[in-house]
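Each chain, letter by letter, is given below.
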Amino acid sequence: MKKLSLKILFFGIAALLINLTGCSSSTLTPRYVQKTKDKLVTKQKNKDSLKINNFKDSLFASDEIPDSLYDEMGNDDEPYVSIKINKDSVIAMLNRGSNTTNITERDKVLFEVIKYLDTPYSYGGNSRNGLDCSAFTGGVYRNSLQMNLPRSSADQFSVGERVSSKEDLKFGDLVFFKTRRRASVSHVGLYLGENLFAHASTSLGVTISSLEETYYKKRYVGARRIVENINVK
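Residues numbered from 1 in each chain as written. Predicted model: local features only at pLDDT ≥ 70, side-chain atom pairs only at ≥ 80, totals over all residues. Heavy atoms only, no water.

Novice: An account of the packing of aromatic side chains is requested, with residue identities and associated values reported.
Specialist: Applying the stated criterion across every chain, the model contains seven aromatic pairs. Relative to Phe 136, the ring of Tyr 116 lies with its centre 5.6 Å away and its plane at 85°, an arrangement referred to as edge-to-face. Of the two residues, Tyr 116 sits in helix α5 (residues 105-116) while Phe 136 sits in helix α6 (residues 133-145), which places them 20 residues apart along the sequence. For Tyr 116, a relative accessible area of 5% puts it in the buried group. Three or more aromatic residues joined by ring pairs form one cluster here, namely Phe 177, Phe 197, Tyr 215, Tyr 216 and Tyr 220. The ring of Phe 171 carries Arg 106 above its face, with NZ or CZ at 4.7 Å from the centroid. Stacked on the ring of Tyr 215, the Lys or Arg Arg 219 has its end atom at 4.1 Å from the ring centre. (Phe/Tyr/Trp six-rings, centres within 6.5 Å; stacked < 30°, edge-to-face > 60°. Helix = DSSP H or I, 4+ residues; strand = E, 2+ residues; numbered from the N terminus. Buried < 20%, exposed > 50% of the residue type's maximum accessible area, 1.4 Å probe, protein only. Lys NZ or Arg CZ within 6 Å of the ring centre and 35° of its normal.)

Novice: Residues and numbers for the sheet that holds strand β7 (residues 205-210), please.
Specialist: Strand pairing within a sheet occurs via backbone hydrogen bonds; the two strands may be parallel or antiparallel. Reading across from one edge, β3-β8-β4-β5-β6-β7 is the order of the six strands in this open sheet, with antiparallel pairing throughout. Edge strands, defined here as strands with exactly one partner in the open sheet, are β3 (161-163) and β7. Across this sheet, the average inter-strand angle for adjacent strands is 35°, counted without regard to direction. Contacts from α6 reach β4 (174-177), β5 (187-193), β6 (196-201) and β7, with the element oriented near 45° to β5. (Pairing = 2+ DSSP bridges. Axes fitted to C-alpha atoms, helices over the stretch in contact; angles between N-to-C directions. Contact = heavy atoms within 4.5 Å.)

What follows is the structure, given as structure tokens:
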């Protein structure tokens, strides 16, 4: 009877150990190993996610873009996803200053800007199939006013007259930005009024953005007036 009780006690303890450890009293059971693997995989995923989020934060919160990303972008323009502005409302605002009976230089410039809207971005491109920022501003001036501008944004920054402050900006002025660490000027757009400008964005193609957007506000370096008075109404 005593032997039977000891056997029952022994098997009871063995069963308890099996339930606790998953088939064995050893810590290297399949259940334990899988649980450990799952923890390690989750930990690594969290680390990778943190790295990605930190890169995104540094990209869009800092003043300078990593050189590795600059190398992918080429020599001009901005690696930035611009806020999309309702183009119809901007065109309506611009058209309030247009003269339907007597087409002015301003109207010609405006028509060219509208024609180019949504043209895809292409670094080095110079056609309606794709163009970059300086090709856009050069195309608008060439097709509307028969004026030839230098090819690059940096060279365009040297023509015309300097506009002393944003408050003095007029329709048709060229606005310039420093979007690359190694270039003093690397992006250009055409001022439309009410703090809005048209430009060839790397993310949206030819579009309309605001000078008040944080990205452009921090990187604005100045403006040049190519034509003193484009018949502003």
